[in-house]
Amino acid sequence: MIRTIDDQLDDLQHTDAKVYEAILGEARRQAGHLEMIASENWTSAAVRQAVGSIMTDKYAEGYPGKRYYGGCEYMDVVEALAKERVAMLFGGEHVNVQPHSGASANTAVYFAALKIGDRVLGMDLTHGGHLTHGSAVNLSGQFYRVSHYGVDRETEQLDMEVVRRQAREFQPALIVAGASAYPRTLDFSAFRDIAREVGALLMVDMAHIAGLVAAGLHPNPVGLADFVTSTTHKTLRGPRGGFVITTAEWGPKIDKSVFPGLQGGPLMNIIAGKAVAFGEALTPQFRAYQAKVVANAKRLGEGLRDRGLRLVSGGTDTHLLLIDVKASGLTGKTAQDRLASIGITSNKNTIPFETEKPTVASGIRLGTPQLTTRGLGLGEMDELADIIADVVSAPVDFDPLPYLRRVKAVAEAFPLPGI
């Protein structure tokens, strides 16, 4: 593995040894650890080749056929391919693949559809929402009047009748659906009905579940929502970036909001990588992969629950699990640090009705996309459930070394893909 990385970075090694060593160090870290952050994945070698290609050297302000620079004929080819493939995956009348991130995609919708001070109804961050869904520390919470809905205290799942009552009372101009730490299926039809009832527009941020949607393993919001946004680098397994799907009516406004409203020249090397990833997502192999992601998450959740850990909402329908480690006597930060000490990468995460600061948190979020890309299956999920449960329940002075050896054995049995 290291020799292959050396070959790929030969020029960099001689030009900038410090950056080269940092990249090599990260390659070693990823190879030796099990990455379980739900918002991360590995791209294919083909995606990385497109991202690292000569496409990075070309300015292409504007859109296919309407560029402000000459020499963009091949930029038009890859952007058109990316847009066509998104439409093939999800449907929709108009696609914009230029947003640099999911946050940029969401902001483009806000700027296209709202005036400063308009009302937005989104999911509470501590209940599983996202910063860009109206958090007070994000511009979405500073430019607009925001009210948040959350999960039921008993079921820890959304009660759509409660969301309906909030919408009737608040009368938002835009309702935002979607989450970054909600492990259950989202009812987009119910969101659509609520939005129509109160005269609001509906935006669905499907960043986390886009790969599941593409594979038919989660309901598709396209055709129900006025705007569907997503990242490309989570379950979709593409490069870091975003896109927006909308109606023919809203298409020109979204395009104008992205460029020149928010961004200048698009990152054409990233768009080339997006096109490759979207092409990969159209294959039967990708659909089979997503089914394994969900099966692995369910199996891991069952194992953790059987070992006495408390899963928020009781389980998962998707690629992620939210574990209440406060119920086991830890904070999220402590659990994250413990897992890091044995070679498992996770992230501390707030849980519904959180009592700790976000920097401490009461939960950890675990995901199976990267493990599944690496080739781990149900048997490995059983092994990891035992390891994680042991470490979370261990005394303060526990010895991480035996668990580190077990994690290393799994990592060595499943080398990094595409490297």
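Our subject in this report is the structure included herewith. Not measured: the values here are computed from a predicted model.

Side note on unusual backbone geometry
- Phe259 connects to Pro260 through a cis peptide bond whose omega is 10°.
- Phi at Ser313 takes a positive value of approximately 70°, unusual for a residue other than glycine.
- Structurally, Ser313 can be placed in the loop between β11 (310-311) and β12 (320-324).
- On the basis of relative accessibility, which here comes to 9%, the residue Ser313 falls in the buried class.

Quick look at the side chain of Asp226
- Of note, Asp226 is situated in the loop between α10 (210-214) and β9 (227-231).
- Among the polar contacts listed, one links the side chain of Asp226 to the side chain of Arg196, at a separation of 3.5 Å.
- A distance of 2.8 Å separates the side chain of Asp226 from the backbone nitrogen of Leu202, its partner in a polar contact.
- Discounting chain neighbours no more than four positions away, the residues touching Asp226 are Arg196, Leu201, Leu202, Ile245, Thr246 and Thr247.

Some remarks on empty space enclosed by the protein
- Under the defined criterion, the tally for this structure stands at two cavities of 30 Å³ or more.
- Along the wall of the largest cavity there are 16 residues; nearest its centre are Ala179, Tyr182, Leu186, His208 and Ile209.
- Taken as a whole, the second largest cavity spans an internal volume of roughly 30 Å³.
- Lining the second largest cavity, in full, are Val97, Gln98, Pro99, His100, Arg240, Gly241, Leu267, Ile270, Ile271 and Lys274.

Focus on the packing of helix α13 (residues 284-306) against helix α16 (residues 378-393)
- As a packed pair, α13 and α16 sit with axes 8 Å apart at the nearest point and diverge in direction by 35°. Of the two possible hands of crossing, α13 and α16 adopt the one that is right-handed. Across from Ala295, Asn296, Arg299, Leu300, Gly303 and Leu304 in α13, the residues of α16 making contact are Leu378, Met381, Asp382, Leu384, Ala385, Ile388 and Ala389.
- Tallied by class, the residues present in the contact of α13 with α16 amount to nine nonpolar, two polar and two charged.

Re the sheet that holds strand β4 (residues 94-96)
- Spatially, seven strands are ordered β4-β10-β9-β8-β7-β5-β6 in an open sheet, and the strand pairing comes out mixed. What marks the edges here is a single partner per strand, and that holds for β4 and β6 (145-149). Taken over all neighbouring pairs, the strand axes of this sheet differ in orientation by 20° on average, direction set aside.
- Against the sheet, helix α6 (residues 102-113) makes contact with β7 (174-177), β8 (201-205), β9 and β10 (242-246), and its axis sits at roughly 160° relative to β9, the strand it touches most.
- Contacting β6, β7 and β8, helix α9 (residues 188-198) runs over the sheet at an angle of about 155° to β8.

Comments concerning the environment of Asn138
- Tracing the sequence through the fold places Asn138 in the loop between β5 (119-123) and α7 (139-143).
- What makes Asn138 buried here is its relative accessible area of 17%.
- For the pair formed by Asn138 and Ala207, sequence separation is 69 residues and the distance between their alpha carbons is 18 Å.
- Contacts of Asn138, omitting those with residues within four sequence positions, involve Leu131 and Thr132.
- At a separation of 2.7 Å, a polar atom in the side chain of Asn138 contacts the side chain of Ser140.

Some points on the sheet that holds strand β14 (residues 347-349)
- Strand order in this open sheet of four strands is β11-β12-β15-β14, and the pairing throughout is antiparallel. Two strands lie at the open edges of the sheet, namely β11 and β14, each paired on one side alone.
- Across two bridges, β11 lies against β12 in antiparallel orientation. When the sheet's bridge partners are listed, Arg310 is paired in β12 with Asp324.
- On top of the sheet, α13 reaches β11, β12 and β15 (363-367); it is set at about 15° to β12, its chief contact.

Things to note about the pattern of salt bridges
- On inspection of all chains with the given rule, the structure shows 19 salt bridges.
- Residues Glu156 and Arg310 are paired through a salt bridge, measuring 2.9 Å at the closest nitrogen-oxygen approach. Of the two residues, Glu156 sits in the loop between β6 and α8 (160-170) while Arg310 sits in strand β11, which places them 154 residues apart along the sequence.
- The partner of Asp324 in a salt bridge is Arg310, and the shortest N-O contact between them spans 2.9 Å. Pair noted here: Asp324 is in strand β12 and Arg310 is in strand β11, with a separation of 14 residues, a long-range link.
- Overlapping salt bridges, with partners in common, bring together Glu161, Arg164, Arg168 and Glu197 in one network.

Thoughts on α6
- With 12 residues, α6 should cover 16 Å at 1.5 Å per step; its first-to-last C-alpha distance of 17 Å lies within 8% of that length.
- Counting buried positions over the 12 residues of α6 gives nine, a clear majority of the element.
- Those residues of α6 that sit buried are Gly102, Ala105, Asn106, Thr107, Ala108, Val109, Tyr110, Ala112 and Ala113.
- Lining the buried residues of α6 we find α7, β7, β8, β9, β10 and α11 (251-262).
- N-cap assignment for α6: the residue whose side-chain oxygen lies 3.4 Å from the backbone N of Ala103 is Ser101.

Analysis parameters
- Residues numbered from 1 in each chain as written.
- Predicted model: local features only at pLDDT ≥ 70, side-chain atom pairs only at ≥ 80, totals over all residues.
- Heavy atoms only, no water.
- Helix = DSSP H or I, 4+ residues; strand = E, 2+ residues; numbered from the N terminus.
- Buried < 20%, exposed > 50% of the residue type's maximum accessible area, 1.4 Å probe, protein only.
- Polar contact = N/O pair within 3.5 Å; in protein donor to acceptor, adjacent residues only side chain to side chain.
- Contact = heavy atoms within 4.5 Å.
- 1 Å grid on protein atoms, 1.4 Å probe; cavity = no way out; pocket = protein on both sides within 12 Å on 5 of 7 lines; lining within 4 Å.
- Points joined across faces, edges and corners; volume = space filled by probe spheres on them.
- Axes fitted to C-alpha atoms, helices over the stretch in contact; angles between N-to-C directions.
- Left-handed = near helix turned anticlockwise from the far one by under 90°.
- Nonpolar A, V, L, I, M, F, W, Y, C, P; charged D, E, K, R; others polar.
- Pairing = 2+ DSSP bridges.
- Salt bridge = Lys/Arg side-chain N within 4 Å of Asp/Glu carboxyl O.
- Expected span 1.5 Å × (residues − 1).

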